[in-house]
Amino acid sequence: MLKTGTIETARESERGIVDIETLQHTNLRLIETLDEVLKIQSDGRNRRQQAEAELGKIEGQLKQKLLEINQ
């Protein structure tokens, strides 16, 4: 029984180390994922700002043309 108990204790002790390694790996993957999400959001925000500026320019051109036609 002493042998069996000692072996089981050693296995449980090693399992804790493996679990910590798994948690560290999982944590790293989560951080990488969050970094990628932030990059995607930032890129999207920049594209939306560029699109809004372009739409404003297009709208201005259309208004100008309509004013020219109405004169």
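Relevant structure appears above.
Residues numbered from 1 in each chain as written. Predicted model: local features only at pLDDT ≥ 70, side-chain atom pairs only at ≥ 80, totals over all residues. Heavy atoms only, no water.

Asker: Just checking my understanding: could you explain the overall build of the protein chain for this structure?
Answerer: On a plain count of helices and strands, the protein chain comes out with one helix and zero strands. For the protein chain, whose C-alpha radius of gyration is 31 Å, the value lies well above the compact-globule estimate of 11 Å for 71 residues. Principal-axis analysis of the C-alpha atoms places the extent of the protein chain at approximately 105 × 10 × 5 Å. Per-residue burial over the protein chain gives 1% buried out of 71 residues. Carbon together with sulfur atoms contributes 59% to the accessible area of the protein chain, which is approximately 6,800 Å² in total. With 11 positive and 13 negative side-chain charges, the protein chain shows a spacing of 5 Å between the two charge centroids. (Helix = DSSP H or I, 4+ residues; strand = E, 2+ residues; numbered from the N terminus. Rg over C-alpha atoms; globule rule 2.2 N^0.38 Å. Buried < 20%, exposed > 50% of the residue type's maximum accessible area, 1.4 Å probe, protein only. Areas by Shrake-Rupley, 256 points an atom, 1.4 Å probe, with all protein chains shown as cover. Lys, Arg positive; Asp, Glu negative; His and termini not counted. Charge placed at Lys NZ, Arg CZ, Asp CG, Glu CD.)

Asker: What should I look at first to understand the pattern of salt bridges in this one?
Answerer: In a structure, side chains of opposite charge can pair up when their charged atoms sit close to one another. Going through the model one piece at a time under the given rule, you end up with four salt bridges. One salt bridge in this structure joins Glu-32 and Arg-29, with 3.0 Å as the shortest N-O distance. Taken together, the positions of Glu-32 and Arg-29, both in helix H1 (residues 2-70) and three residues apart, correspond to about one turn of that helix. A relative accessible area of 46% means that Arg-29 is categorised as partly exposed. (Salt bridge = Lys/Arg side-chain N within 4 Å of Asp/Glu carboxyl O.)

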